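Summary of the model geometry
The residues making up each chain are set out below.
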There are 4 protein chains.
Amino acid sequence: MKTDQKKPTAILRMHCQDQPGIIAVITEFITTNSGNIIYLDQYVDRANGTFYMRVEWELDGFLIPKEKIIDYFDTLYAHRYGLDYHISFSTHRQKMAIFVSKMSHCLYDMLSRYQAGEWDVEIPVIISNHPDLAYIGEQFNIPFEVVPVTRDNKAEMEQKEFEILDRYGIDFIVLARYMQVLSEEFMARYPNRIINIHHSFLPAFIGAKPYHQAYERGVKLIGATSHYVTADLDAGPIIEQDVTRITHRDSVSDLVKKGRDLEKIVLSRAVEKHIQRKILTYNNKTVVFS
Amino acid sequence: MKTDQKKPTAILRMHCQDQPGIIAVITEFITTNSGNIIYLDQYVDRANGTFYMRVEWELDGFLIPKEKIIDYFDTLYAHRYGLDYHISFSTHRQKMAIFVSKMSHCLYDMLSRYQAGEWDVEIPVIISNHPDLAYIGEQFNIPFEVVPVTRDNKAEMEQKEFEILDRYGIDFIVLARYMQVLSEEFMARYPNRIINIHHSFLPAFIGAKPYHQAYERGVKLIGATSHYVTADLDAGPIIEQDVTRITHRDSVSDLVKKGRDLEKIVLSRAVEKHIQRKILTYNNKTVVFS
Amino acid sequence: MKTDQKKPTAILRMHCQDQPGIIAVITEFITTNSGNIIYLDQYVDRANGTFYMRVEWELDGFLIPKEKIIDYFDTLYAHRYGLDYHISFSTHRQKMAIFVSKMSHCLYDMLSRYQAGEWDVEIPVIISNHPDLAYIGEQFNIPFEVVPVTRDNKAEMEQKEFEILDRYGIDFIVLARYMQVLSEEFMARYPNRIINIHHSFLPAFIGAKPYHQAYERGVKLIGATSHYVTADLDAGPIIEQDVTRITHRDSVSDLVKKGRDLEKIVLSRAVEKHIQRKILTYNNKTVVFS
Amino acid sequence: MKTDQKKPTAILRMHCQDQPGIIAVITEFITTNSGNIIYLDQYVDRANGTFYMRVEWELDGFLIPKEKIIDYFDTLYAHRYGLDYHISFSTHRQKMAIFVSKMSHCLYDMLSRYQAGEWDVEIPVIISNHPDLAYIGEQFNIPFEVVPVTRDNKAEMEQKEFEILDRYGIDFIVLARYMQVLSEEFMARYPNRIINIHHSFLPAFIGAKPYHQAYERGVKLIGATSHYVTADLDAGPIIEQDVTRITHRDSVSDLVKKGRDLEKIVLSRAVEKHIQRKILTYNNKTVVFS
């Protein structure tokens, strides 16, 4: 852990039309008010003429009180420069719910990071449409709620899920090989706040049984893709992808096995970036700051 | 270069229904006749119950004369065990034609390997639908034939190409970013003997402008795929694929640039495997022996 | 899971001086006795003139009774052809002990695979020189033995460890970021049966604090290496390695974090190959069959 | 090519002690004087408290005349804020000399990029200690100077090389598998301006015959490293590295072959970053901006 990250900070993520001097304007706002910038990354998408930036500064000694920062920034800068922005505070520890079905590898990978204190997040609940992995909730002492969604009872069951999510004050959701498609209402409640792992190199092999599809096509690499969930299946903004090499010797079950390692690493990398508030979404794409 | 590869060898590539003792049968044929096996690789596709093998042995001291090997093998083994096989001889130096349009990176990559003596192949001719790269033919002292194919004159121009290919005794063809689709007649003349490079990770981004498609989709890796050409566009048996990481910072022209390095390496790897007779094709897939 | 792997099999791993007909001899032994070969891989190291092979065949229907196979093979083949060989049986489920200190990522990764039934192995005990991770033993209901080795009491403490290992009938040991150097006596008891993970791309950054060394040197990739433990520190036969890209932006703690994902995957891949009896060791190197 | 990169620009690379407001200060200097920033990347090394930045802005419309920029910047900023900086102009097309011995793969790779117009650089001369590759100079119509350096005549021959380098106004040098060690005098003339490719994953396998060393050690990946040349052999600041997977089946000559593809790509990536003035060197490391 970087010790300097433990001091309370404010995090600004923004984009706007590219314009001269915009970096100077923002950084001056911070330094003039005695803020110590500990992170700044920006880039300009020249094709669209759009400017993107993430700035993080320490709150200790910052002249504007924390509860007035958003108000001041909004008044003095956001309107004037046409900024689309979001300010968050490191002192707010986000709450994350994990949805699973029957496969444990992604769940274990995240919980072992959580248990080791790698992630600055809270995981108050695991939700599943099957009871199979309830023992893992017990192992890690995390409430495991079974909500047996089927095609026919989805609307009703999702109401139950909303109740659970609200009860635990959930900020964002991770689908860890959760095998149910969410309703549009569900997605609308958590825009850019539901992360899924798809077990292929999207946009190849959309939909069901991607490893079977990959085997049939005879590809020489298989992949995994983590993305934000949108109404269009497997078509949301991609956060992270990776691949691994296979050969003609690999059967479908070998692909499934090799794929598991990809899936868990690719999903955990995406979740970590989300926790760190390093992702900015636009035009169905992501800017993932380093 | 491995010195032992310079001795004349026979190369058997075969597949058949899996059956007990098939390896013993084939290897005994060779060793009983005093052949020294310098390469053997095989594998069984359990899903289909199919056995695949590549064996290479030295001709020096082999009791069956070279010109009778195929006849003997066919009579004694192929029919009896239901083998689908191909025997070739390292003494036949294959002739390869390269088709290009306006981009030079794949062409240069192959010619520099050729000039350095890395490949046991002959490249007697380059064919192009544009004169732009004729200077490269001159640099490497290789005839460069311009055959200006368009949508309207394809049948006629392909006859010209066939004449050129026949004149030079071409064994197989490499499409090095050649921007014309071949006719079915063309493909039928060179089954599993036309290698193409597609500038995406197939089956993602089939067709035109894959880098633009990749940029629009916001993927985090781009790829390249070399494959044998079949009637179904970009859907032939895949020989080799690779990917490279990109970020939100990369414009379409950055993708094109990063992609060039992928394309040339992925194409050259495929061509090398073909030259070494290490590829076996079945069910629209490839077995690529190591 | 491949269903065909569940039938009992015999596994022969061998090497010998390369000699004509050796494949035919071995495969004939199996097929003549009605054995069904389900795996065969071999290769010849031409530099040393050595032949390596792994063959696996089903015991059902094999004419030689299981308990006599080794005797027959030894008498009829091993002496005659000068084979250095090992025959094992899939019906023997190996017992594996895990040694840990204070870091949990490799331990969790292995236990989650174990719990999910991915590995055909038994893990009856975890041994540690610290009590810190005892809770993980509890989570997975595996005995966790604390043996507080220090520099001064090593001989005595290792006797305790031997007693534990013998009590559980341990076949091989995995050092999952275990921070103690084993004595030569210890290593001699488990030749090629202790697997370690070193957190660098060996032979770069041997010894302590490899991530600090990597940071100081300014490398652009960091790696991890799993290997069999030998008397020479970090110099045993390498089983598996992998790397990940870093940049100037990564601090030492970033390297540690990125490295954890490498370490656990690289270690688990090695352990899996060992469990599958796919590794053959010679000349301080490994042959890892696919 | 990005069209916007073709407008004349100024490029500032700098580092200094980290201090509040430094980004605002620099960006204000540019925007106040009507400069349009088209690139800005910076980062803070918290371990050392050092701030690094690269800024690029268009000269068209910039209120300070090009020939006075360095003077103004030096007076108004460099001293005041303790900056270690370098300002260059895109209008200066750098001149690069390539040194080779007998291997052609890196040379061809660079010349094919050069010929295709990928690199904004001029290559007026190739220098070699052997005449073997003179034909490539002819192919690309680039003067090829043979300077037959040996251990005994190095001082004298290097004087010849200096004369050639001066005659062509060379800015930086690329050693493309050049097999001679340069004298300290030579290195001192081109600090951080000589790029070498070493055919291993440094710091593993320093010195001669790294592929033989890798083979002996039994590694599972081989690498290549491009770096600036310093007095300490193979120990200069690393610019770029990459690796490729090998197996026990690969002989030394296979490693050499697989390595060639790594070497040429890794070297060309480093050269490109140097041409783009994206590299900043400090503490025997590099910052390579994206």
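The paragraphs below set out a description of the structure included in this document.

Conventions adopted
- Residues numbered from 1 in each chain as written.
- Chains lettered and ligands numbered in written order.
- Predicted model: local features only at pLDDT ≥ 70, side-chain atom pairs only at ≥ 80, totals over all residues.
- Heavy atoms only, no water.
- Helix = DSSP H or I, 4+ residues; strand = E, 2+ residues; numbered from the N terminus.
- Rg over C-alpha atoms; globule rule 2.2 N^0.38 Å.
- Areas by Shrake-Rupley, 256 points an atom, 1.4 Å probe, with all protein chains shown as cover.
- Lys, Arg positive; Asp, Glu negative; His and termini not counted.
- Charge placed at Lys NZ, Arg CZ, Asp CG, Glu CD.
- Contact = heavy atoms within 4.5 Å.
- Buried area = accessible area lost by both parts, 1.4 Å probe.
- Salt bridge = Lys/Arg side-chain N within 4 Å of Asp/Glu carboxyl O.
- Polar contact = N/O pair within 3.5 Å; in protein donor to acceptor, adjacent residues only side chain to side chain.
- Least-squares fit on C-alpha atoms with pLDDT ≥ 70 in both.
- Buried < 20%, exposed > 50% of the residue type's maximum accessible area, 1.4 Å probe, protein only.
- Nonpolar A, V, L, I, M, F, W, Y, C, P; charged D, E, K, R; others polar.
- Axes fitted to C-alpha atoms, helices over the stretch in contact; angles between N-to-C directions.
- Parallel < 35°, antiparallel > 145°, perpendicular 65-115°, else oblique.
- Pairing = 2+ DSSP bridges.
- Phe/Tyr/Trp six-rings, centres within 6.5 Å; stacked < 30°, edge-to-face > 60°.
- Lys NZ or Arg CZ within 6 Å of the ring centre and 35° of its normal.
- Expected span 1.5 Å × (residues − 1).

1. Brief notes about the overall build of chain A
The secondary structure content of chain A amounts to eight helices and 13 strands. In terms of C-alpha radius of gyration, chain A reaches 21 Å, essentially the compact-globule figure of 19 Å for 290 residues. Summed over all atoms, the accessible surface of chain A reaches about 11300 Å², with 49% contributed by carbon and sulfur. Positive and negative side-chain charges of chain A, numbering 34 and 38 respectively, have mean locations separated by a distance of 5 Å.

2. Re the interface of chain A and chain D
Across the contact, 15 residues belong to chain A and 15 residues belong to chain D. Across the chain A/chain D interface, buried area totals approximately 1200 Å², and carbon plus sulfur atoms make up 50% of it. There are zero salt bridges connecting chain A and chain D. The tally of links between chain A and chain D comes to four residue pairs in polar contact (both at pLDDT 80 or more). No other element matches strand 2 (residues 36–45) of chain A, which puts six residues into the side of chain A that touches chain D.

3. Remarks on the relation of the copies chain A and chain D
With an RMSD of 0.0 Å, chain A superimposes on chain D once it is rotated by 180° and translated 0.0 Å along the axis. Such a turn and shift between the copies fits a two-fold axis. When each C-alpha of chain A is compared by its distance to the rotation axis, Ala24 of chain A comes out closest, at 2.3 Å. A share of 100% of the interface residues of chain A reappears at the interface of chain D, consistent with the copies meeting face to face through the same patch.

4. A short note on the pattern of salt bridges
Counted according to the given criterion, the structure contains 76 salt bridges over all chains. Of the charged contacts, one joins Glu272 of chain A and Lys257 of chain C as a salt bridge, the two residues approaching to 3.4 Å between their closest N and O atoms. With Glu272 of chain A in helix 8 (residues 252–275) and Lys257 of chain C in helix 8 (residues 252–275), the pair connects residues from two separate chains. Assigned by exposure class, Glu272 of chain A and Lys257 of chain C land together as buried. Each of the salt bridges in this network shares a partner with another, and the network as a whole consists of Asp109, Arg113 and Glu118 of chain A together with Arg260, Asp261 and Lys264 of chain C.

5. Side note on the interface of chain B and chain A
Taken together, the 35 residues of chain B in the interface contact 36 residues of chain A. Here chain B packs against chain A, burying approximately 3000 Å² in sum over the two surfaces, 52% of which is carbon and sulfur. The three residues of chain B that bury the most area against chain A are Arg217, Lys220 and His248 of chain B, which together make up 24% of that side's buried surface. Put simply, chain B and chain A have six salt bridges between them. Note that Asp242 of chain A is salt-bridged to Arg245 of chain B, the shortest N-O span being 3.7 Å. For the side of chain B that touches chain A, the secondary structure elements donating two or more residues are strand 2 (36–45), helix 7 (210–217), strand 11 (238–245) and strand 13 (285–288) of chain B. With seven residues, strand 11 of chain B is the single largest residue contributor to the side of chain B that touches chain A. Looking at the side of chain B that touches chain A residue by residue, the classes come out as 16 nonpolar, seven polar and 12 charged.

6. Comments concerning unusual backbone geometry
For the bond from Leu202 of chain B to Pro203 of chain B, the omega torsion is 5°, close enough to zero to count as cis. Mapped onto the elements, Pro203 of chain B comes out in the loop between strand 9 (194–198) and helix 7. The phi dihedral of Asn141 of chain A is positive, around 60°, even though this residue is not glycine. You can see Asn141 of chain A is positioned in the loop between helix 4 (134–140) and strand 7 (144–146).

7. Re the relation of the copies chain B and chain A
Taken as rigid bodies, chain B and chain A are interconverted by a rotation of 180° and an axial shift of 0.0 Å, the fit giving an RMSD of 0.0 Å. Most of the interface of chain B is mirrored in chain A: 100% of its interface residues are interface residues there too.

8. Considerations on helix 1 (residues 22–32) of chain B
Think of an α-helix as 3.6 residues a turn; residues three or four steps apart then line up on the same face. The buried fraction of helix 1 of chain B amounts to eight of the 11 residues, a majority that puts the element mostly inside the structure. Along helix 1 of chain B, the positions that sit buried rather than exposed are Ile22, Ile23, Ala24, Val25, Ile26, Thr27, Phe29 and Ile30 of chain B. For helix 1 of chain B, the elements touching its buried residues are strand 1 (9–17), strand 2, strand 3 (50–58) and helix 2 (66–81) of chain B together with helix 1 (22–32) and strand 2 (36–45) of chain C.

9. Some thoughts on the packing of helix 1 (residues 22–32) of chain A against helix 2 (residues 66–81) of chain A
All names here are of chain A. Relative orientation of the contacting elements helix 1 and helix 2 amounts to 175°, with a least axis distance of 12 Å. For the element pair helix 1 / helix 2, the angle class is roughly antiparallel. Across the interface between the two elements, Ile22, Val25, Ile26 and Phe29 of helix 1 pack against Phe73, Tyr77 and Tyr81 of helix 2. A class-by-class count of the residues in the contact of helix 1 with helix 2 yields seven nonpolar, no polar and no charged.

10. Quick word on the sheet that holds strand 10 (residues 221–228) of chain D
Residues and elements named next belong to chain D. The mixed open sheet is built from seven strands, whose spatial order is 7-6-5-8-9-10-11. On the outer flanks of this sheet lie strand 7 (144–146) and strand 11 (238–245), each paired with one strand and no other. Each strand of the sheet is rotated relative to its neighbour by a mean of 20°, with strand direction disregarded. When strand 5 (residues 95–100) meets strand 8 (residues 172–175), the two strands line up parallel, connected through four bridges. Bridge pairing links Ala97 to Ile173 in strand 8.

11. A word on the sheet that holds strand 4 (residues 84–89) of chain B
Think of a sheet as strands paired side by side through backbone hydrogen bonds, with each pair either parallel or antiparallel. Residue and element names in this part refer to chain B. Spatially, four strands are ordered 2-3-1-4 in an open sheet, and the strand pairing comes out antiparallel. Each edge of the open sheet carries a strand with a single partner, namely strand 2 and strand 4. For this sheet, the mean angle separating the axes of adjacent strands, direction not counted, is 10°. Two elements, strand 2 and strand 3, share nine bridges in a ladder whose sense is antiparallel. Each bridged residue has a counterpart across the sheet, and for Gln42 the counterpart in strand 3 is Met53.

12. What to know about the pairing of strand 13 (residues 285–288) of chain A
All names here are of chain A. Judged by which residues are buried, strand 13 turns out to be covered on both faces: Lys285 and Val287 on one side and Thr286 and Val288 on the other are all buried. Sheet topology note: the strand 12 (residues 279–282)/strand 13 ladder contains four bridges and is antiparallel. Of the residues in strand 13, the one forming a bridge with Ile279 is Val288.

13. Thoughts on the packing of aromatic side chains
Tallied over the full model, the rule gives 66 aromatic pairs over all chains. Ring geometry for Phe29 of chain A and Phe62 of chain A: centres 6.1 Å apart, planes at 80°, overall edge-to-face. Here Phe62 of chain A lies in the loop between strand 3 (50–58) and helix 2 and Phe29 of chain A lies in helix 1, a separation of 33 residues in the sequence. The pair formed by Phe29 of chain A and Phe62 of chain A is uniform in burial state, with each residue classed as buried. Connected via pairs of aromatic rings, a cluster forms that spans Phe29, Trp57, Phe62, Phe73, Tyr77, Tyr81 and Tyr85 of chain A. Positioned over the ring face of Phe89 of chain A is Lys66 of chain A, at 5.3 Å from the centre of the ring. A cation over an aromatic ring shows up here: Lys285 of chain B above the ring of Tyr215 of chain A, its NZ or CZ 3.4 Å from the ring centre.

14. Some thoughts on the side chain of Ser200 of chain C
All names here are of chain C. When you line up the elements, Ser200 lands in the loop between strand 9 (194–198) and helix 7 (210–217). Of the residues examined, Ser200 reaches a relative accessible area of 2% and is grouped as buried. At 3.3 Å, the side chain of Ser200 forms a polar contact with the backbone oxygen of Phe205. Setting aside anything within four residues of it in sequence, one finds Ser200 in contact with Phe205, Pro210, Gly223, Ala224 and Thr225.

15. Quick word on the pairing of strand 2 of chain A
Most of strand 2 of chain A is tucked away: nine of the 10 residues are buried. Taken together, strand 2 of chain A and the strand that follows it, strand 3 of chain A, pair antiparallel across an intervening segment of four residues, in which Gly49 of chain A is found at a positive phi of about 65°.

16. Regarding helix 8 (residues 252–275) of chain D
Residues and elements named next belong to chain D. When the terminal C-alpha atoms of helix 8 are compared, their 34 Å separation across 24 residues agrees well with the 34 Å that a helix rising 1.5 Å per residue should span. With 19 of 24 residues buried, helix 8 lies mostly within the body of the structure. At the C-terminal side of helix 8, Arg277 shows a positive phi close to 55°.

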